Amino acid sequence: MDFLDAPRKLLLELLSDNPDHDMKSLSALLGRNAAYIQQYIKSGSPKSLDEDSREKIGKVLGISPDALRPEGDPKRRPYVKAPSPPSRRGELVRVPLSKISNDDEASPDPSSSGARVQIPEYDVSPHAGAGAFLSGDDYYEAAPPTDLWTMPKRLVSAFVEHPSNLVIIRVTGDSMEPDYMAGERVMVDMGHTLPSPPGVYVLHDGMGLVLKRVEVVFGSKDPVMLRISSINPGYGTYERELSEVHINGRVVGKWVWK
C-alpha cells in the first residue's frame, strides 16, 4: 500500500477522530462525487489534492492546508497534534448515531477502576458465508442498537485506542468455523477501516455484509487488490479491488463460553 502516504494517513486519522465528518461529507464539501475522498485515500487517485480542496478540508478539520500537501512538496508542513485539554464533567460531546457516548468518556480520570464504557450491539447479521444483502455503508446509522453492553473501560482500552468505536454483532454461517461459530458475538473496531495488518474484518464486498479474513495482495498497487478468504476450507478465496469494498471494521475480540 505504497500510496498511503503521510497526508492520506493524516486525513484518515483526523476523520476517525471527527464525529461530524466522514469521507462522503468531505467529498460533498468539495463538490465531488461521493467516493472522491475514498478513492483518494484508498486508491491513490488523484495523486494529490488541489489547493482549493486542501483549503476547504483544512478549514473544516481545523488544520493547516499545507499539512495535506504531498510528500516531497517543499511547502508541506507536518501536522502536530495539540494536546487535548482536560474534559469537564458534564460536557456534551457530539457523536455519530453509530456510536454511543459514555459518561465515563468525559471523566477527568479515565484510568479510574470504576470507569465503564457502553458498547452497542447491532442486529446486522454479517454472514460467515455467502453474505447478507443489506443496505450498505449507512446501515449502522439507519438501525438503532438492540442492546448495550457495559464493560470496564480499563479492560477495553488495553486493546483498542478509542472504545467509542466499538460495536458488537452476531455471526451467522459456517465459513469462518471453527474460529467464529454461528451465533457467537464478536466485537468490532469501526475505527479500523484499512485492511492492515491482515486479519478478520466485517466488510461489504459488493454482494453483502460478510465476516472474512482480509489481506492486501502483495505487490498490487494500481489498483490495490484485497484477498478475501474463509477459515473453513470448504469455502473459496476471492479478490476485490480496495475501492470496490467498504470495510466496516476489524474484529478485535469475541465471547468464549466454557
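Here's a quick rundown of the structure. (Residues numbered from 1 in each chain as written. Predicted model: local features only at pLDDT ≥ 70, side-chain atom pairs only at ≥ 80, totals over all residues. Heavy atoms only, no water.)

This next bit is on the nonpolar core. One finds Leu 11, Leu 26, Ile 37, Ile 41 and Ile 57 to be the most contacted residues of the largest nonpolar core, which totals 20 residues. Those elements that provide at least two residues to this core are helix H1 (6-17), helix H2 (23-29), helix H3 (36-42) and helix H4 (51-61). Top element by residues in this core is H1. It accounts for five residues. In this structure Leu 26 touches Leu 11, Leu 15, His 21, Ile 37, Ile 57, Val 60 and Leu 61, once residues within four positions along its chain are discounted. Met 176, Met 190, Val 202 and Leu 209 belong to the second-largest nonpolar core, a separate cluster that totals 15 residues. (Core = buried A, V, L, I, M, F, W, Y, C linked by side-chain atoms within 4.5 Å. Buried < 20%, exposed > 50% of the residue type's maximum accessible area, 1.4 Å probe, protein only. Helix = DSSP H or I, 4+ residues; strand = E, 2+ residues; numbered from the N terminus. Contact = heavy atoms within 4.5 Å.)

Taken together, the buried positions of H4 are occupied by Ser 53, Arg 54, Ile 57, Gly 58 and Leu 61. The buried residues of H4 occupy an angular sector of 125° when the element is viewed end-on, so they sit on one face. Opposite the buried face of H4, by more than 90 degrees, sit the exposed residues Glu 51 and Lys 59. Its side-chain oxygen at 3.1 Å from the backbone nitrogen of Asp 52, Asp 50 defines the N-terminal cap of H4. (Arc of directions from axis to C-beta. Polar contact = N/O pair within 3.5 Å; in protein donor to acceptor, adjacent residues only side chain to side chain.)

Attention now moves to unusual backbone geometry. Residues Glu 177 and Pro 178 are joined by a peptide bond in cis, for which omega reads 10°. Mapped onto the fold, Pro 178 is located in the loop between strand S3 (166-170) and strand S4 (185-189). Here the residue pair Ser 196 and Pro 197 is connected by a cis peptide bond, since its omega of 5° sits within 30 degrees of zero.

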